[in-house]
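For reference, the chains in residue letters:
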Amino acid sequence: MSMFPLNKLQEIETPFYYYNMDLLDDTLRTIKKESEKYNYHIHYAVKANANQRILKTINSFGFGADCVSGNEVAASIEAGFTSDRVVFAGVGKSDKEINIGLNNNIGCFNVESIPELEVINELAEKAGKVAGIALRINPNVKANTHHYITTGLEENKFGIYIWDLEKVMAKFKDLKNVEFKGIHFHIGSQIQDLESFKQLCVRVNELQEWFEQNRYFPQIINVGGGLGIDYEKPVENPIPDFKAFFKVFGDFLELKEGQEVHFELGRSVVAQCGTLMSKVIYVKEGVNTSFAIVDAGMSDLIRPALYQAYHKIDNLTSLGADQKYDVVGPICESSDCFGKAVTLPETKRGDLIAIRSAGAYGEVMANQYNLRELPQAIYSSDL
Ligand SMILES: *Cc1c(COP(=O)(O)O)cnc(C)c1O
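Keep in mind it's a predicted model, so treat the numbers as computed, not measured.

1. Side note on the pattern of salt bridges
- Taken as a whole, this structure holds 18 salt bridges when the rule is applied.
- Here Arg 203 ties to Glu 206 by a salt bridge, and the two come within 2.1 Å at their closest N and O atoms. Here Arg 203 and its partner Glu 206 are both found in helix H8 (residues 195–213), three residues apart, which amounts to about one turn of the helix.
- A residue is classified by how much of its surface remains accessible, and Arg 203, at 17% relative accessible area, is buried.
- We classify Glu 206 as partly exposed; its relative accessible area is 44%.
- Measuring nitrogen to oxygen at the nearest pair gives 2.8 Å for the salt bridge that ties Asp 314 to Arg 356. Separated by 42 residues along the polypeptide, Asp 314 in strand E12 (residues 313–315) and Arg 356 in the loop between strand E15 (352–355) and strand E16 (376–379) bring together distant segments of the chain. In this pair, the class of Asp 314 matches that of Arg 356, namely buried.
- Residues joined by salt bridges that share partners form a network here, namely Lys 33, Glu 34 and Lys 37.

2. A look at the pairing of strand E5 (residues 108–111)
- Residues Cys 108 and Asn 110 line one face of E5 and the alternating positions Phe 109 and Val 111 line the opposite face, and both faces are buried.
- With two bridges joining them, strand E4 (residues 86–88) and E5 adopt parallel strand pairing. Opposite Phe 88, over in E5, you have Phe 109 as the bridge partner.
- Once you follow E4 into helix H5 (residues 95–103) and on to E5, the crossover reads as right-handed.
- Bridge count between E5 and strand E6 (residues 131–136): three bridges; the pairing is parallel. Within the sheet, the bridge partner assigned to Asn 110 lies in E6 and is Ala 134.
- Once you follow E5 into helix H6 (residues 114–127) and on to E6, the crossover reads as right-handed.

Analysis parameters
- Residues numbered from 1 in each chain as written.
- Predicted model: local features only at pLDDT ≥ 70, side-chain atom pairs only at ≥ 80, totals over all residues.
- Heavy atoms only, no water.
- Salt bridge = Lys/Arg side-chain N within 4 Å of Asp/Glu carboxyl O.
- Helix = DSSP H or I, 4+ residues; strand = E, 2+ residues; numbered from the N terminus.
- Buried < 20%, exposed > 50% of the residue type's maximum accessible area, 1.4 Å probe, protein only.
- Pairing = 2+ DSSP bridges.
- Right-handed = clockwise from strand over helix to strand, strands pointing away.

All quantities given are derived from atomic positions and should not be read as evidence of function.
Right, dumping it as structure tokens:
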């Protein structure tokens, strides 16, 4: 546990998110080194963590920003991302949000339907601009080999269906204020089996043939994000295996002359550098179990309640003998539970509890249910 500056952390009012900025730097350096071998372009998926400090750090490595709302576009520009490195994705962009993108002259809109393409064209015409477009294509992968796609293809709201491609590409001929730049895919999140990314490459290669036969040229091949992290062993594996990840694309993606490959990494960039810190308020003996009631709740970190997600939990300040506890928050919902039957050293009021791997989809999803305060962010470089 020596990686935490415990003396300092114990002084800070809990709950709060603690960000290890050295680990973030190491992670970003690794991504840069491994992606540069293939000249890949990295965009950070801002939705994973939109703190200005985190965004500025990521921008300092020269990466781009992948945004899914107008406010994320604005936050990225504010953090210093140059507009050509900002892309805007999402199945339901409002007119107001599209205008934020247009006014900032962002590099690309990732478009998911014909009506959206028409609206962007109309708004771009009003603004006197031509918007760059990448089409998000639903890769139509077979469900049996791709268990990570949770909805069947027909019900999946994301992307343009392959059978509609001809119609969509024909649209570009009529619409003068949108320009076709590339194709975009995103197959899911927390994917640890690299075989899935190989399957994506195979699918992209097939689609490339279709574009070539029809004399269209996608300059950008955006393969999305989704690389998983090790929630079970965050201390042993703080940085995902980016080398192996990029190698899959290097080995299996067949590129045409002049094409650029883009990635949109979220979780794999920021998850491990963040920890939700809380203190034990009470230990309560239940009928079959002991409850460690902590001062963080599902309003601070909703992933366990929302997806039954696992986060490793450590007691940073006790050296007692191991026991089992259900670690629960104070909120009036039974799902406000961070872990059942968690083995912790004997735990008492005031102990500092670390909920690990919480840097992605943690603070950014915090809310004020029960009129609780939003958790603060503490950065290691400030301590
Ligand atoms: C969420 C999302 C990402 C990032 O996914 P991670 O699993 O966090 O890497 C990338 N692209 C799109 C389109 C997304 O919706």
